[in-house]
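# Structural description and commentary
Each chain, letter by letter, is given below.
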Amino acid sequence: MKIGILGTGAYGLALAKALKKNHHHLTMWTKFEEERELLKTTRENKTVLPQIKLEEDIIFTTNLKEVCEEQDLLIIAIPLAFFDDTMKEAKEYIGEDQVVCIATKGIEQKEGLFAHELLEKHVKTKKVAVLSGPTFAIDLAKDTICALTIASKESEVAEKVALALRSKHLMIEKTKDVIGVELCGGIKNVMAIATGMIDGLGQSDSTKALFEKQALEEMIRLLEEIGGRKETILNYAGIGDFLLTCNSVKSRNYTYGIKVGSKSPDLEEYEEKTTIEGLYTLNSLYDLLKRKKISAPLVEKIYDICVKGENAEELLIKLVEKTS
C-alpha cells in the first residue's frame, strides 16, 4: 500500500515504524527543510524519538503534492494548532475518493471544531477515519504490544486503515463514533493535567482514584451531550487512553500537572519549551462548553487553576464537594 504521512513529530514517526512492519511504501512530509535533511541523512530524530532508526526506503519531503497525490492512504499527524492552515495548502492534492486518517488529537481553538470537522472545511472526501488509543509514540515505535481505536462512519474505510496498521504487536478495534473518539482523545489530556496536580500536591493514590472515577463520569456525560456515544468510554480510545495518559510520567500533560501542583520552579520554562496538548484543548473545550451551555465542573476547575491562576488545592475542594 502507498501511504503518505503528514507530520514527522514523534507520533508520525512512530506510526511510520508500525506501518513498515507491514511493508508499506511510505512518504513523509515536514514543513521544514532542515528537518527533512536530518531525517534523510540520519534516519532518526533524536529530539522527539531517540534511539529509533527509520527504514532506508522511507521518503521524506517538504512537498505537499508529493506526499498527498496518488496515495492509497493519507495519515495526518500534525499538531492541531497547524491543522487548518496545512489543510488549506494540501486540499488541491487530496482526491474525493482518497482515504484520509486523522491521528491528531484535540479541539481547535478558533471555532471549537474537532479535527475531522476542520478537514471537512477544505477536503471533499468522505472517506475519513480518526485514530486514537493508549499508545505513547516510543511504545508504538518499538515491538511492544499496543492497541488503537479507528473510528469512521464508513466501515470499509475503518477496515482499510486497520489493515494497514494491524500486526501481531498492534491490536485494532473499530467504531463509527467519530465524535466520541475525538472527544476522548482530547479530554483525557485535560484530565491528565489534573491527576498530575494531585500527585504534585502530595496526595495519595486513593485520592487520585477518587478523581479518576469522577473524571470518567464527567467524560461519559460530555460524550452524550456533545454528540458521541457513552459506550465509547469503554474503547481503547476511551478508558484505555485515559488510564495511560493520567498515570504515566511519559505523559507531558501529567508531568505538567505535577509541576503545577508542586509549584515547581521550572514550571514556566517547561510550559514554554514543551508541547502540552492538554492546555491547548483545555482552552478550546472550555469555550465550546460555554457556547453550548454545558456544565463540566472538573473541566471548569482545571481551567480556573491553569488559566486563571487559582491554587491547585482548589481541585481537592471540588472533589470533596462532588462527593458530599
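In this text, all values refer to a predicted model and were calculated from it rather than measured experimentally.

The next subject is the packing of aromatic side chains. Evaluated as defined, the whole model comprises one aromatic pair. An angle of 0 degrees between the planes, with centres 3.6 Å apart, marks the rings of Tyr 286 and Tyr 303 as stacked. Of the two residues, Tyr 286 is situated in helix α13 (residues 277-292) and Tyr 303 in helix α14 (residues 297-306); the sequence distance between them amounts to 17 residues. The residues Tyr 286 and Tyr 303 share a single accessibility class, namely buried. Note that Lys 259 overlies the ring of Tyr 270, its terminal NZ or CZ placed 5.2 Å from the centroid.

As for its placement among the helices and strands, Lys 17 is situated in helix α1 (residues 10-20). Note on Lys 17: relative accessible area 16%, which makes it buried. Ignoring any residue separated from it by four or fewer positions in sequence, one finds Lys 17 in contact with Ile 52, Lys 53, Leu 54, Glu 55 and Ala 141.

Attention shifts here to the packing of α13 against α14. In contact at an axis separation of 10 Å, α13 and α14 are set at 125 degrees when each is read in the N-to-C sense. The orientation of α13 relative to α14 falls into the category oblique. The way α13 lies across α14 gives a crossing that is left-handed. Contacts between α13 and α14 involve Leu 279, Leu 282, Asn 283, Leu 285, Tyr 286, Leu 289 and Lys 290 from the former and Val 299, Glu 300, Ile 302, Tyr 303 and Cys 306 from the latter. Looking at the contact of α13 with α14, its residues break down into nine nonpolar, one polar and two charged.

Taken in spatial order, the eight strands of this open sheet run β3-β2-β1-β4-β5-β6-β7-β8, and their pairing is mixed. A strand with exactly one partner marks an edge of an open sheet, and here the two such strands are β3 (59-61) and β8 (170-175). Taken over all neighbouring pairs, the strand axes of this sheet differ in orientation by 25 degrees on average, direction set aside. Packing against the sheet, helix α8 (residues 178-200) makes contact with β6 (128-132), β7 (146-151) and β8, and its axis sits at approximately 35 degrees to β6.

This paragraph deals with the environment of Asp 72. The residue Asp 72 is located in the loop between α3 (64-68) and β4 (73-76) in this model. A C-alpha to C-alpha distance of 9.9 Å links Asp 72 and His 25, two positions 47 residues apart in sequence. Look past the residues within four positions of Asp 72 in its chain and what remains in contact with it is Met 1, Lys 2, Val 99 and Lys 160. There is a polar contact of 2.7 Å between the side chain of Asp 72 and the backbone nitrogen of Lys 2.

Take the environment of Thr 8 next. Along the chain, Thr 8 falls in the loop between β1 (2-6) and α1. Among the residues examined, Thr 8 registers a relative accessible area of 3% and is labelled buried. The spacing of Thr 8 and Lys 31 is 23 residues in sequence and 9.1 Å in space, taken between C-alpha atoms. Residues in contact with Thr 8, not counting those within four places in the same chain, are Leu 13, Met 28, Trp 29, Thr 30, Glu 35, Leu 39, Asn 45, Val 48 and Phe 60. Here Glu 35 takes part through its side chain, which lies 2.9 Å from a polar atom of the side chain of Thr 8.

So, about α13. Spacing of three or four residues puts side chains on the same side of an α-helix, whose turn is 3.6 residues. Taking 1.5 Å of rise per residue, 16 residues should cover 22 Å, and α13 covers 22 Å from first to last C-alpha, within 8% of that figure. Among all positions of α13, only Gly 278, Leu 279, Thr 281, Leu 282, Ser 284, Leu 285, Tyr 286, Leu 288 and Leu 289 are buried. Those residues of α13 that are buried are in contact with α8, α9 (205-226), α11 (252-262), α12 (267-273) and α14. Taken from the residues just after α13, Lys 293 is the one with a positive phi, measuring 55 degrees.

About the criteria used
- Just so you know, the residues in each chain are numbered from 1, in the order the chain's sequence is written.
- The model is predicted, so local features are restricted to residues of pLDDT at least 70 and side-chain atom pairs to those at 80 or more, both for listing and for counting; the totals for chains, interfaces and linings are taken over all residues.
- Here the side-chain values reflect all heavy atoms present in the structure, with hydrogen atoms and water set aside.
- Centres within 6.5 Å are what make two rings of Phe, Tyr or Trp a pair, Trp counting through its six-membered ring; a difference in plane orientation under 30 degrees is then read as stacked, over 60 as edge-to-face, and the rest as tilted.
- Secondary structure follows DSSP: runs of H or I at least 4 residues long count as helices, runs of E at least 2 residues long count as strands, and numbering of each begins at the N terminus.
- Think of it in three bands: residues with accessible area under 20% of the maximum for their type are buried, residues over 50% are exposed, and the middle band is partly exposed, with areas taken using a 1.4 Å probe on protein chains only.
- In this scheme, Lys NZ or Arg CZ marks a charge over a ring once it lies within 6 Å of the ring centre and within 35 degrees of the ring normal.
- Two residues form a contact once any of their heavy atoms are found within 4.5 Å.
- The axes used here are C-alpha line fits, helices contributing only the stretch in contact, and every angle between their N-to-C directions lies in the interval 0 to 180 degrees.
- Note that the term roughly parallel is reserved for angles under 35 degrees, roughly antiparallel for angles over 145, roughly perpendicular for angles of 65 to 115, and oblique for everything else.
- In this scheme the handedness of a crossing depends on how the near helix is turned from the far one: anticlockwise by less than a right angle means left-handed, clockwise means right-handed.
- Here the term charged refers only to Asp, Glu, Lys and Arg, the term nonpolar to Ala, Val, Leu, Ile, Met, Phe, Trp, Tyr, Cys and Pro, and the term polar to all other amino acids, Gly among them.
- Two strands form a pair only when DSSP identifies at least two bridges running between them.
- Counted as a polar contact is a pair of N or O atoms within 3.5 Å, where, for protein atoms, one must be capable of donating a hydrogen and the other of accepting one, and residues adjacent in sequence contribute only when both atoms are in side chains.
- One fewer than the residue count of a helix, multiplied by 1.5 Å, yields its expected span.

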